[in-house]
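Given next are the chains, with one letter for each unit.
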Number of protein chains: 2
Amino acid sequence: MEIHRWVRREILEMAGYQPGEQPADGRPLIKLNTNENPSGPPAAVIEAITAATGAALRLYPEPSSRPVREAAARAYGVEPDQVVVGNGSDDLLTMTLRLFVGPGEVVAAPDPTYTLYAPLTSLQGGSYRAVPWGERLATPVDALAATGAKLIFLTRPNAPTGHAVPLAEVAALCRAAPGVVLLDEAYVDFCHDHGLGLLADHPNLIITRSFSKSLALAGLRVGLAFMAPELAREYHKVRDSYNVNRLSQAGAVAALDNLPAFAPTIARIRTERDRLTQALRNRGFTITPSQANFLLAAIPPASGTGADWVRDLRQAGILVRHFGADPALADALRITIGTPEEMQALVTAVDAILANKSRLS
Amino acid sequence: MEIHRWVRREILEMAGYQPGEQPADGRPLIKLNTNENPSGPPAAVIEAITAATGAALRLYPEPSSRPVREAAARAYGVEPDQVVVGNGSDDLLTMTLRLFVGPGEVVAAPDPTYTLYAPLTSLQGGSYRAVPWGERLATPVDALAATGAKLIFLTRPNAPTGHAVPLAEVAALCRAAPGVVLLDEAYVDFCHDHGLGLLADHPNLIITRSFSKSLALAGLRVGLAFMAPELAREYHKVRDSYNVNRLSQAGAVAALDNLPAFAPTIARIRTERDRLTQALRNRGFTITPSQANFLLAAIPPASGTGADWVRDLRQAGILVRHFGADPALADALRITIGTPEEMQALVTAVDAILANKSRLS
């Protein structure tokens, strides 16, 4: 095979993004590794999808997901032509790279952050600059702007740290940036504020949202991007013609029209987040205060390695995320906030692992 | 706004692909413009999707659509690692461009063909070469190979002509091509043969299929690509991590496990296709013999323009596709084969339009 002659060098040389493990349905694992919602979507969403499941599936969906854009406009107080809908927010991130970044152009983001941005940049032939977070995890505004990036990613709340920088830093970054700023708000429903109010003053700002976390629809693949209408018109050129299917559009409209139905779950996750933070601190973990639906937990001193913990927790039936490729995160676990029962099971497993370690040492 | 400084020039300068019109659900139009199936999917597909519509939607789908790849392997006698699943075959076409085509590199296809290939090439910064079909619509093998293309598209049956070149010409093209050949089999279930048997001998061949035509699932967005496992591994690097949602995977598996349930609809479409070919020829249209679920119908001499016909048919409640941007197709209509009742309504409308024209002339 002459694959090396056919495939673009950038792609041959890359390893590809590794998503968190998705065990086959029905396996009795507590899944705290990909920040899904522990509760399913409300009945109104299930009913809307079921109603759309029929002979009309023979027809293409509305190309621009107009019903979803209109529902988002109602829900968030924007105009439908400020909204672009994606097959998950990953689709919107891919569109963003394709829209703004040519070969050799620079993409920048604080480090550490969502690990998809770097491979997306490589795919597009761009050059990715990871700029360390400032003191106390402040946004490194000047250093990011100094990269000359066509595109700067800022995740707020950030993954995997969970912290949310002040909105004033987002605004400062928009002013300083030589190109566009993508504010990734995948986790923002777990935070005390959000950035949609910044759009009016910053034409180079794009804000993305996900239905996969707070809205409990990771399996449906829907994401939203908010921006100036002039930019949205360009996004539609790089969007696949029918990128969001009929059932996803139906479910997304129902979710947006029923946002209050998600509030109890979101409130419970925030309560559990604060309880787990305390419980793990009591056991020697160092926790970054989180505004998201997960914690970044540095393991207790002299308790082995992060990889040891991942293995031991897995043996106890619990999956957590570990970013082994990043030395700065080698001793940290990213733990999704689940149900109270799942959190209790986690704490019990942690106690057993710690007891076993002290017995062996 | 400084959009011109932010957005890549290739995209600013392009118009974007225009898909066929999708009227809002419930409008009483006979939709013969985007080659959908006039029948809905069988009950087994609806039931499988309904069964997957529940709390599990909170979880991400299997990233590589493994259940669909396994079902495709069962259905088509290939290995699961020869299959890549897309969010519609458009998603697979986009991946193909990103995988093989760098800035300035050449993509070629016979002309006319599917109008998406050219804008996808522009998006990727490639250079698109439209090579006219040979005599009697033969594959222009040597002329395509002489372009030096990294990627050659061959649609079989072709859109909008409907003709299917001999498989021997596909094989000859694979041998002559300096890069890879994508054989787009979106319409192949309406044809008398297919190209999967060519894969073993041609490592540079990629074959795509769609669930949007014969399998009556345009609204679900699923496509398949078949190729050598070594190539499939590279596709997975450019694939969005979770590109096919849970409901689409469930519906696709059920469709592949129930292919015989689609046979009656496919047989009826072929029968109607041959009847409509004859009926329109009797009325002065020139029809390319079609192996697809549509006809390319050149309007009768001195009967106005293609645009006139589109407008008159629309007034009669019938949507057909017109490729006004291509002078060679200005007097041709692409007409999807629908139900017997829809075809009768079309012929009645044609008769009324012709009668009106002869009255006015």
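The structure presented is a predicted model; accordingly, all values stated were derived computationally and were not measured.

Turning to the relation of the copies chain A and chain B, a few remarks are in order. The transform that puts chain A on chain B rotates by 180 degrees and translates by 0.0 Å along the axis, for an RMSD of 0.0 Å. In symmetry terms, the pair is related by a two-fold rotation axis. Residue Thr50 of chain A of chain A places its C-alpha closer to the rotation axis than any other residue of that unit, at 3.1 Å.

We now examine the domain arrangement of chain A. Residue and element names in this part refer to chain A. The domain boundaries assigned to chain A delineate domain 1 (18–40 + 262–360) and domain 2 (43–260). Each of domain 1 and domain 2 was reduced to a C-alpha centroid, and the two centroids are 26 Å apart. Taken together, the contact pairs 25 residues of domain 1 with 27 residues of domain 2. Linking domain 1 to domain 2 there are zero salt bridges. Linking domain 1 to domain 2 there are eleven residue pairs in polar contact (both at pLDDT 80 or more). Put simply, the parts of the chain that give the side of domain 1 that touches domain 2 at least two residues each are helix H11 (263–282) and strand E10 (294–298). The class makeup of the residues in the side of domain 1 that touches domain 2 is eleven nonpolar, nine polar and five charged.

Let us now look at the sheet that holds strand E9 (residues 286–287) of chain B. Residue and element names in this part refer to chain B. The strand order across the open sheet formed by three strands is E9-E10-E12, and the pairing between neighbours is antiparallel. Looking at the sheet topology across the chains shown, the edges are occupied by E9 and strand E12 (332–336). The pairing of strand E10 (residues 294–298) with E12 spans five bridges and is antiparallel. Opposite Ala298, over in E12, you have Ala332 as the bridge partner. Sheet contacts for helix H11 (residues 263–282): E9, E10 and E12; angle to E10, the most-contacted strand, approximately 10 degrees.

Rules and cut-offs
- Residues numbered from 1 in each chain as written.
- Chains lettered and ligands numbered in written order.
- Predicted model: local features only at pLDDT ≥ 70, side-chain atom pairs only at ≥ 80, totals over all residues.
- Heavy atoms only, no water.
- Least-squares fit on C-alpha atoms with pLDDT ≥ 70 in both.
- Domains from an automatic or database assignment.
- Contact = heavy atoms within 4.5 Å.
- Salt bridge = Lys/Arg side-chain N within 4 Å of Asp/Glu carboxyl O.
- Polar contact = N/O pair within 3.5 Å; in protein donor to acceptor, adjacent residues only side chain to side chain.
- Helix = DSSP H or I, 4+ residues; strand = E, 2+ residues; numbered from the N terminus.
- Nonpolar A, V, L, I, M, F, W, Y, C, P; charged D, E, K, R; others polar.
- Pairing = 2+ DSSP bridges.
- Axes fitted to C-alpha atoms, helices over the stretch in contact; angles between N-to-C directions.

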